[in-house]
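# Descriptive structure summary
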Amino acid sequence: MRNCRDPLVAKDFAGNYIPGLATSWNISEDGMTWAFTIREGATFQDGTPVTAEAVKASFDRILDPETVAVTAGGLLPPGVTTELVDDSTFQFVLTEAFAPFLENLTSALLGPVSVASAESLGSDFGQRPVLSGAWYVEEWRAGDRIEDVHMIRRPRAANRSTPHRGAGALAT
């Protein structure tokens with residue numbers, strides 16, 4: 001599902017941190033405030049804009065105990081909160097230093113989701129996620145195992161955070 005999600009921060013092939021959905025980020029001197037500027041023109045797969053407010057809502061959803069996002073939540077610092085700074089910027093406020101935070105933000109598990117779609121789809125959201133990546137799930141048929149997942153490339157993915165720019169190399 002990595003190609004269905006765009007994380008805030010990505011890595012190039014040399015392991016350097018590069019912009020993802022966030023075009024830039026700033027870490028306070030004490031390391032407790034991490035501000036991210038969200039890429040202008042980025043959209044979720046349903047066409048709704050990826051804004052600072054939408055990204056904040058996505059992380060708030062992960063942090064909400066009722067969501068039970070144990071795996072994604074485990075990648076975030078203990079006691080972290082989020083704040084909307086302006087229309088294009090949001091920030092995390094940490095209560096203690098968390099060394100793996102930047103690395104963790106490259107994880108597809110922390111790629112923002114459309115919270116509005118998650119709420120409207122309810123329990124179906126897990127198999128019909130509305131994300132921001134270059135590919136989207138058209139169909140996911142499951143039983144006791146994943147039987148078949150059909151993914152479609154978005155016609156125009158302005159969100160691209162991965163360093164690969166050429167045609168996909170898919171084995172069939």
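Residues numbered from 1 in each chain as written. Predicted model: local features only at pLDDT ≥ 70, side-chain atom pairs only at ≥ 80, totals over all residues. Heavy atoms only, no water.

Before going further, it helps to examine unusual backbone geometry. Residues apart from glycine generally show negative phi values, whereas peptide bonds are mostly found in trans. Backbone geometry at Val68 places phi at a positive 55 degrees, although glycine is not the residue there. Looking at where Val68 falls in the secondary structure, it is placed in the loop between α1 (52-63) and α2 (70-73). The class for Val68 is exposed, based on a relative accessible area of 57%. (Helix = DSSP H or I, 4+ residues; strand = E, 2+ residues; numbered from the N terminus. Buried < 20%, exposed > 50% of the residue type's maximum accessible area, 1.4 Å probe, protein only.)

On to the pattern of salt bridges. In total, this model carries two salt bridges according to the counting rule given. Residue Lys11 pairs with Glu103 through a salt bridge whose shortest N-O separation is 3.0 Å. Of this pair, Lys11 sits in strand β1 (residues 9-11) while Glu103 sits in helix α3 (residues 101-104), and the two are 92 residues apart along the sequence. In this structure, Lys56 and Asp60 form a salt bridge, with 2.6 Å as the shortest nitrogen-oxygen distance. Residue Lys56 and its partner Asp60 are located together in helix α1, separated by four residues, close to a single helical turn. For Asp60, a relative accessible area of 28% gives the class partly exposed. (Salt bridge = Lys/Arg side-chain N within 4 Å of Asp/Glu carboxyl O.)

Here α1 is 12 residues long and its end C-alpha atoms lie 16 Å apart, about the 16 Å a rise of 1.5 Å per residue gives. Within α1, the full set of buried residues consists of Ala52, Ala54, Val55, Ser58, Phe59 and Ile62. Along the axis of α1, the buried positions cluster into a sector of 170 degrees, meaning they face one direction only. (Expected span 1.5 Å × (residues − 1). Arc of directions from axis to C-beta.)

The next point concerns the environment of Thr106. Secondary-structure assignment places Thr106 in the loop between α3 and α4 (115-121). According to the relative accessible area criterion, Thr106 is buried, its value standing at 15%. Separated by 88 residues in sequence, Thr106 and Ile18 have C-alpha atoms that sit 9.4 Å apart. Those residues in contact with Thr106, other than ones at most four positions away along the chain, are Pro7, Val9, Ala10, Lys11 and Tyr17. Within the local environment of Thr106, its side chain forms a polar contact with the backbone oxygen of Glu103, the two atoms lying 2.6 Å apart. (Contact = heavy atoms within 4.5 Å. Polar contact = N/O pair within 3.5 Å; in protein donor to acceptor, adjacent residues only side chain to side chain.)

One open sheet accounts for four strands, arranged β3-β4-β6-β5; its pairing is antiparallel. At either margin of the open sheet sits one strand with a lone partner, and together these are β3 (22-27) and β5 (81-86). Put simply, the sheet's adjacent strands are angled 20 degrees from each other on average, direction ignored. Sheet topology places strand β4 (residues 33-38) next to strand β6 (residues 89-93); five bridges connect them, and they run antiparallel. (Pairing = 2+ DSSP bridges. Axes fitted to C-alpha atoms, helices over the stretch in contact; angles between N-to-C directions.)

Taken as a whole and judged by the stated rule, the model has eight aromatic pairs. Here Trp34 and Phe101 contribute two aromatic rings whose centre-to-centre distance is 4.8 Å and whose plane-to-plane angle is 70 degrees, an arrangement assigned as edge-to-face. Here Phe101 lies in helix α3 and Trp34 lies in strand β4, a separation of 67 residues in the sequence. Its relative accessible area of 8% is what places Trp34 among the buried residues. Overall, Phe101 belongs to the buried group, its relative accessible area being 0%. Relative to Phe101, the ring of Phe98 has its centre 6.4 Å away and its plane inclined at 65 degrees; by these criteria the two rings are edge-to-face. By the ring-pair criterion, three or more aromatic residues cluster together here, those being Trp34, Phe36, Phe59, Phe90, Phe92, Phe98 and Phe101. (Phe/Tyr/Trp six-rings, centres within 6.5 Å; stacked < 30°, edge-to-face > 60°.)

Next up on the list: the environment of Asp87. Looking at the element boundaries, Asp87 is found in the loop between β5 and β6. On the basis of relative accessible area, Asp87 is assigned to the exposed category, the value being 72%. Taking the C-alpha atoms as reference points, Asp87 and Thr37, separated by 50 residues in sequence, lie 9.1 Å from one another. With residues near it in sequence (within four places) discarded, Asp87 still touches Thr51 and Ala52.

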